[in-house]
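# Descriptive analysis of the structure
Single-letter residue listing:
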Protein chains: 2
Amino acid sequence: MPRRARRPLHVNLFEMNCVSHITHGLWVLPGNTRERFNELEFWTEEAKLLEDAAFDAVFLADVIGAYDGFRGGPETSLREGMQIPNNDPLSVVPAMAAVTRNLGFAVVHSTSYEPPFAFARRMSTLDHLTRGRVGWNAVTSYLPNAARNFGHGDEIEHDLRYEIADEFVDVVLKLWEGSWDDDAVLADRERGIYTDPAKVRRIDHKGAHFEVEGPHLSQPSRQRSPVLFQAGGSAQGRQLAARNAEAVFFGAPTLEAARQQILDTRARASLLGRDPWSLAFFPLAFVITGRTDEAVARRVAEYDRLYSVDGYLAHRSHGLDWTRYPREERLGAIIERRDPGYQNLVGGWGYRPEQTVGDVLDALKAGSWGPFQVAGTPSVVVDEIERWVEETGIAGFNLVQHHTPGTAEEFAELIVPELRRRGLFREGYEDGETLRSRLWGPGRDRLADDHPGARYRDPAQLAVPRDPFTLPDEAAVAAEAARLAREDAARG
Amino acid sequence: MPRRARRPLHVNLFEMNCVSHITHGLWVLPGNTRERFNELEFWTEEAKLLEDAAFDAVFLADVIGAYDGFRGGPETSLREGMQIPNNDPLSVVPAMAAVTRNLGFAVVHSTSYEPPFAFARRMSTLDHLTRGRVGWNAVTSYLPNAARNFGHGDEIEHDLRYEIADEFVDVVLKLWEGSWDDDAVLADRERGIYTDPAKVRRIDHKGAHFEVEGPHLSQPSRQRSPVLFQAGGSAQGRQLAARNAEAVFFGAPTLEAARQQILDTRARASLLGRDPWSLAFFPLAFVITGRTDEAVARRVAEYDRLYSVDGYLAHRSHGLDWTRYPREERLGAIIERRDPGYQNLVGGWGYRPEQTVGDVLDALKAGSWGPFQVAGTPSVVVDEIERWVEETGIAGFNLVQHHTPGTAEEFAELIVPELRRRGLFREGYEDGETLRSRLWGPGRDRLADDHPGARYRDPAQLAVPRDPFTLPDEAAVAAEAARLAREDAARG
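Position numbers for residues count from 1 along each chain, tracking the sequence in the order it is written. Whichever chain is written first becomes A and whichever ligand is written first becomes 1, with later ones labelled in order. At least 70 in pLDDT is required for a residue's local features to be given in this predicted model, at least 80 for side-chain atom pairs to be given and counted, and no such filter applies to totals for whole chains, interfaces and linings, which use all residues. Excluded from the side-chain calculation are hydrogens and water; included are all heavy atoms of the structure.

## Here we look at unusual backbone geometry
For the peptide bond that leads from Ile84 of chain A to Pro85 of chain A, omega is 0°, which places it in the cis range. Helix and strand labels come from DSSP, where a helix needs a run of H or I of at least four residues and a strand needs a run of E of at least two; each type is numbered from the N terminus. Mapped onto the secondary structure, Pro85 of chain A falls in the loop between helix H2 (75–80) and helix H3 (93–98).

The structure is reproduced here in structure tokens:
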């Protein structure tokens, strides 16, 4: 079993700039402040709470369309506050940064519909303003409505989305890593020279999907590239992670599947010449806790009473309308016919062609959101966290909120002390560290030398096209994954 | 003479997320903090200073490329810190909002290269976070390098840029004004209903340049549409303003030209059925002051010694390289040949075909940036401000910084008291007012009923295409401008 777990653990609060992110139906809980998500103080108060508890980061999800497949429209999503209305995630970071010194901010931004040049500057700006506390979760957009909000009649086909994503990442890496030398800015008041022009250059990117001249508009920020997260479980998603990510956010149907997915992604990175053990993995974690078993049971019962089945169905329908089908319809048939939204059945969400619509509905109604779910007193919760760390080698997790700010408050008050007692969580921050150095150690403010973006530190590399985005032979990946598992066991 | 001047005056600090915005060469002044523009505290300190002085807003300019025409490359711009490096303007707003309650934020965002859907959400997010304190200066992008940063081999042709801009504004107005009813959000905890889906709708925009389905992702913010500024002096620019703007930021070569430009734009608005007197005009203002004539003279001499001619030449070259031409070359010839960057000679910057390159260079070297320039003790400065208000009917101005934070500090300390003594500037804010209600009066949180965006409050109007963007007959504009001038004189 992978024992390359990191200690201390890294814990992010999983967030979204909306009312109902994942735990649908629970926004109505007494004291739940989710409907204040439009207010600046909602975010600054949360940031201070998380920093007081030494969370690594707030991890902000995003979608740029409505989930409008279920029952043929967005009505259910609207009624449930299910990711609509939602606001821009990047815009709350500067407000949270203004009231904190160490908290990190990982934000989703899609590679599918907006041009990379402006996004690169936006992230550099955030990295400057936060002095190196930002990460970027690079995703592709899977909602058909999102495609239509950006002038694409149909959703971009799944595999093509990943090709575009890979080129998007390549473009922004060139801008972040290759366009300005570290010593380009002189700020020489005597001679009136701000920048040495010889140390700034265009990137002249010309690819299949983007043409970007440069130079990058922002001078180098503390981390240059934000910490690169990737999310997406399909083979293409794992390959994208292996090529570009430093950290992977993921869900998986079982702990064993999580373990395999982690090894698979590490193996892909290894085949590309990267240190497979440097990748950090963060699953979703659902934690319900309390001081006594009775308190936990009451909490679980209260949540069970309030969960909105409609909210879950609308969410997990993606672009699909489950209500169109008989229970016995096979997912494989939907895929073969290319029914609206079929792409999300092949897109890494863990669906299998042999499953039926009934299987899916039953699982959704049970609120199944991946296996990392635990309800118990602090020692029970931390036992489960330890089991995950030991058996999968995760670096930490994204804590799902049932209640805002209750979930984070309880985690800070009850779970963090137990984690610390077992040496699993640090006492505080190293003041002045970047998000990257917190995750990979002192001095690691920048991308590792074996990261593909690092090559752009050599200006000559800007003109050398990157290898095309292709999937490796699955057998080679499996063999490498097995080798890594043995290597790990030998060290364990 | 137009006497529809507003009292109190409205004063914005003109800013840009960079070292050298307009007063090139002066960043080296002792105590000038411009090189801290990457730091969050630069912005929060400035915001607090401006709010203490009751400024209306900070007005943030932007470019999304380098000025690389002069001497055939971006070298001069880089050396001078001349708008490169620069950072994203929208990203500093939430940080400034976190430390203020009343200061407004007007931000430039170009309509030329980024999709309107994501921008609409970004502005709604800022309007939510600031509780209605944001404005948007809608511009088109004129830098050839900007075009190439977004995959356009050549700059988009001037007139087409304005057609695109007009449709971009139309799309975002539909999203802001028409997609959600005011009472769509119920936040009904009893029934578990966040939004009434019957009160949210798609916009289904299908135009020549954009296709956007919607619905808008953000629920209605306090102002819905940000205060709509427009900048651009060509006939197309003035027409775009007349069709869409509530406020116009502009420069003009003389006071008389400013007066005419204001009347021309009011006339165009009038011909479109809008109240011509409702538009608010903000020229650039260059103010140098001190307690004594000697102090002012010392300051002027210091600035004159430091102004960077190269900085000005690189800036005002736009995409043109003046060094390629003999002094006697006529601008008309450059336009006829369509030399690289010629479009900026016809794009409303005040160039005339009969001018020569030598004329332009002499004017640039003299630091000519429009006529609203005054150096003097407070009474001299305020006399000039009064003259502008009386003779042109401006609503206020964007104060150019020679020194940061010195210019704003001195304005607050020396000019504001003199303005107040003469009844030209308010004592403070009405707490809780929006930027729009500060500019147009209590209760005016939303677009005026005669603004073209207001029609989208009727959902049926979303399906009715807007009149195409065409220029009216110039004689009709001139006649209407003359009528407005007479109407104003009669009331004066």
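## Things to note about the packing of aromatic side chains
Pairing of aromatic rings covers Phe, Tyr and Trp, the last through its six-membered ring, and needs centres within 6.5 Å; plane angles under 30 degrees mean stacked, over 60 mean edge-to-face, and all others mean tilted. Taken as a whole and judged by the stated rule, the model has 42 aromatic pairs over all chains. Each ring, one from Tyr307 of chain A and one from Tyr312 of chain A, has its centre 5.9 Å from the other, and the planes form 70°; the classification is edge-to-face. Taking the centre distance of 5.8 Å and the plane angle of 55° together, the rings of Phe14 of chain B and Phe59 of chain B count as tilted. Residue Phe14 of chain B is found in strand E1 (residues 10–16), and its partner Phe59 of chain B is found in strand E2 (residues 57–61); the two are separated by 45 residues along the sequence. There is no split in this pair, since Phe14 of chain B and Phe59 of chain B are both buried. Here the aromatic residues Phe14, Phe59, Phe229, Phe249 and Phe282 of chain A are joined through ring pairs into a cluster of three or more. Above the face of the Phe425 of chain A ring, Arg426 of chain A is positioned so that its terminal group lies 5.0 Å from the ring centre. Burial status follows relative accessibility: with a 1.4 Å probe on protein chains alone, a residue under 20% of its type maximum counts as buried, one over 50% as exposed, and anything between as partly exposed. Lysine NZ or arginine CZ positioned within 6 Å of the ring centre and within 35 degrees of the ring normal marks a charge as sitting over the ring.

## Thoughts on the interface of chain A and chain B
Residues are treated as being in contact if the distance between any of their heavy atoms lies within 4.5 Å. Every contact between the two is made by 74 residues of chain A and, on the other side, 74 residues of chain B. Taken over both partners, the interface formed by chain A and chain B buries close to 6200 Å², and the fraction arising from carbon and sulfur atoms is 58%. Salt bridges are identified by distance alone: a Lys or Arg side-chain nitrogen within 4 Å of an Asp or Glu carboxyl oxygen. Counting the contacts that link chain A with chain B gives 13 salt bridges. Across the pair Arg131 of chain A and Glu41 of chain B runs a salt bridge, and its minimum N-O distance is 3.2 Å. Elements represented by at least two residues in the side of chain A that touches chain B include exactly helix H1 (40–52), H2, H3, helix H4 (116–129), helix H5 (144–149), strand E5 (185–188), strand E6 (193–195) and strand E8 (211–212) of chain A. For the side of chain A that touches chain B, the leading source of residues is H4 of chain A, giving 8 residues. Accessible area, probed at 1.4 Å, shrinks when two parts are joined; the buried area is that loss added up over both.

## Description of the relation of the copies chain A and chain B
We superpose the copies by least squares over the C-alpha atoms of residues that have a pLDDT of at least 70 in both of them. With an RMSD of 0.0 Å, chain A superimposes on chain B once it is rotated by 180° and translated 0.0 Å along the axis. The relationship between the two copies is best expressed as a two-fold rotation axis. Scanning chain A for the C-alpha nearest the rotation axis identifies Ala95 of chain A, at a separation of 2.2 Å. Here 100% of the contact residues of chain A are again contact residues in chain B; the copies associate through an equivalent surface.

## Side note on helix H10 (residues 309–316) of chain B
Along H10 of chain B, 6 of the 8 residues are buried, which leaves the element largely enclosed by surrounding structure. Among all positions of H10 of chain B, only Gly311, Tyr312, Leu313, Ala314, His315 and Arg316 of chain B are buried.

## Some points on the pairing of strand E10 (residues 247–250) of chain A
Residue and element names in this part refer to chain A. Of the two faces of E10, the one holding Ala247 and Phe249 and the one holding Val248 and Phe250 are both buried throughout. Here, a strand pair is defined by DSSP locating no fewer than two bridges between the strands. As judged from the 3 bridges shared by strand E9 (residues 227–231) and E10, these two strands associate in the parallel manner. The residue of E10 that forms the bridge with Gln230 is Val248. Classification remark: right-handed applies to a crossover when, strands pointing away from the viewer, the course from the first strand over the helix to the second runs clockwise. Once you follow E9 into helix H7 (residues 235–244) and on to E10, the crossover reads as right-handed. In terms of handedness, the path from E10 via helix H8 (residues 255–271) over to strand E11 (residues 280–289) forms a crossover that is right-handed.

## Some remarks on the packing of helix H13 (residues 378–392) of chain B against helix H14 (residues 406–421) of chain B
All names here are of chain B. What counts as an axis is a line fitted to C-alpha atoms, over the stretch in contact for a helix, and the angles between N-to-C directions run from 0 to 180 degrees. Interhelical geometry of H13 versus H14 gives an angle of 60° and a closest axis separation of 9 Å. Relative to H14, the element H13 is oriented oblique. Crossing of H13 against H14: the hand is right-handed. Of the residues in H14, those touching H13 at Pro378, Ser379, Val381, Val382 and Ile385 are Leu414, Ile415, Glu418 and Leu419. Residue classes follow a fixed rule: Ala, Val, Leu, Ile, Met, Phe, Trp, Tyr, Cys and Pro count as nonpolar, while Asp, Glu, Lys and Arg count as charged, and any other residue, Gly among them, counts as polar. Its residues placed into classes, the contact of H13 with H14 shows 7 nonpolar, 1 polar and 1 charged. Note on terminology: angles under 35 degrees are roughly parallel, angles over 145 are roughly antiparallel, angles of 65 to 115 are roughly perpendicular, and the others are oblique. The crossing is said to be left-handed when, going from far helix to near helix, the turn is anticlockwise and less than a right angle, and right-handed when the turn is clockwise.

## A closer look at the side chain of Ser221 of chain A
With respect to the helices and strands, Ser221 of chain A occurs in the loop between E8 and E9. Judged by its relative accessible area of 3%, Ser221 of chain A falls in the buried class.

## Quick notes on the packing of helix H7 (residues 235–244) of chain B against helix H8 (residues 255–271) of chain B
All names here are of chain B. Here H7 crosses H8 at 50°, and the two axes come no closer than 8 Å. As far as their axial angle goes, H8 and H7 are oblique. Judged by the sense of rotation from one axis to the other, the crossing of H7 with H8 is right-handed. Each of Ala235, Arg238, Gln239, Ala241 and Ala242 in H7 lies in contact with H8, whose residues at this interface are Gln261, Asp264, Thr265, Arg268 and Ala269. Residues of the contact of H7 with H8, tallied by class, amount to 4 nonpolar, 3 polar and 3 charged.

## Details of the pattern of salt bridges
Residues and elements named next belong to chain B. Across all of its chains, the model carries 89 salt bridges over all chains by this definition. For Arg201, the salt bridge goes to Asp181, with nearest N and O atoms at 3.1 Å. You can see Arg201 sitting in the loop between strand E6 (193–195) and strand E7 (205–206) and its partner Asp181 sitting in the loop between helix H6 (158–178) and strand E5 (185–188), a full 20 residues away along the chain. Note that Asp264 and Arg238 form a salt bridge whose closest N and O atoms lie 3.0 Å from each other. Placement of Asp264 in helix H8 and of Arg238 in helix H7 is noted, with a sequence separation of 26 residues between them.

## Some remarks on the environment of Leu160 of chain B
All names here are of chain B. The topology assignment puts Leu160 in helix H6. Its relative accessible area of 31% is what places Leu160 among the partly exposed residues. Put simply, Leu160 and Phe469 are 309 residues apart on the chain and 9.9 Å apart in space, counted from C-alpha to C-alpha.

## Observations concerning the side chain of Arg122 of chain B
Structurally, the position occupied by Arg122 of chain B is in helix H4 (residues 116–129). Since its relative accessible area comes to 6%, Arg122 of chain B is described here as buried. Residues within four places of Arg122 of chain B in sequence aside, it is in contact with Asp88, Ser91, Glu114 and Arg122 of chain A together with Leu90, His109 and Glu114 of chain B.

## Comments concerning the pairing of E5 of chain A
Residues and elements named next belong to chain A. When E5 meets E6, the two strands line up antiparallel, connected through 2 bridges. Among the inter-strand pairings, Val185 is bridged to a residue of E6, identified as Thr195. Between the antiparallel neighbours E5 and E6 lie 4 residues, among them Gly192 with a positive phi of about 65°.

## Re the confidence of the model for chain A
Considering every residue of chain A, the mean pLDDT works out to 92; 96% of them sit at 70 or more. If you check the scores for this complex, the pTM reads 0.95 and the ipTM reads 0.95. Scored between 0 and 100, pLDDT is the confidence that the predictor attaches to each residue.

## Some remarks on the environment of Pro30 of chain A
Looking at the secondary structure, you find Pro30 of chain A in the loop between strand E1 (10–16) and H1. As a C-alpha pair, Pro30 of chain A and His403 of chain A span 373 residues in sequence and 9.1 Å in three-dimensional space. If we skip the residues at most four places from it in the chain, Pro30 of chain A touches Glu302 and His403 of chain A together with Arg189 of chain B.

## Thoughts on the environment of Asp458 of chain B
Relative to the elements of secondary structure, Asp458 of chain B occurs in the loop between helix H15 (435–440) and helix H16 (474–491). Residues Asp458 of chain B and Gly178 of chain B lie 280 residues apart in sequence; the distance between their C-alpha atoms is 7.0 Å.

## Details of H7 of chain B
Most of H7 of chain B is tucked away, with 10 of its 10 residues classed as buried. Looking at H7 of chain B, one finds that the buried residues are Ala235, Gln236, Gly237, Arg238, Gln239, Leu240, Ala241, Ala242, Arg243 and Asn244 of chain B.

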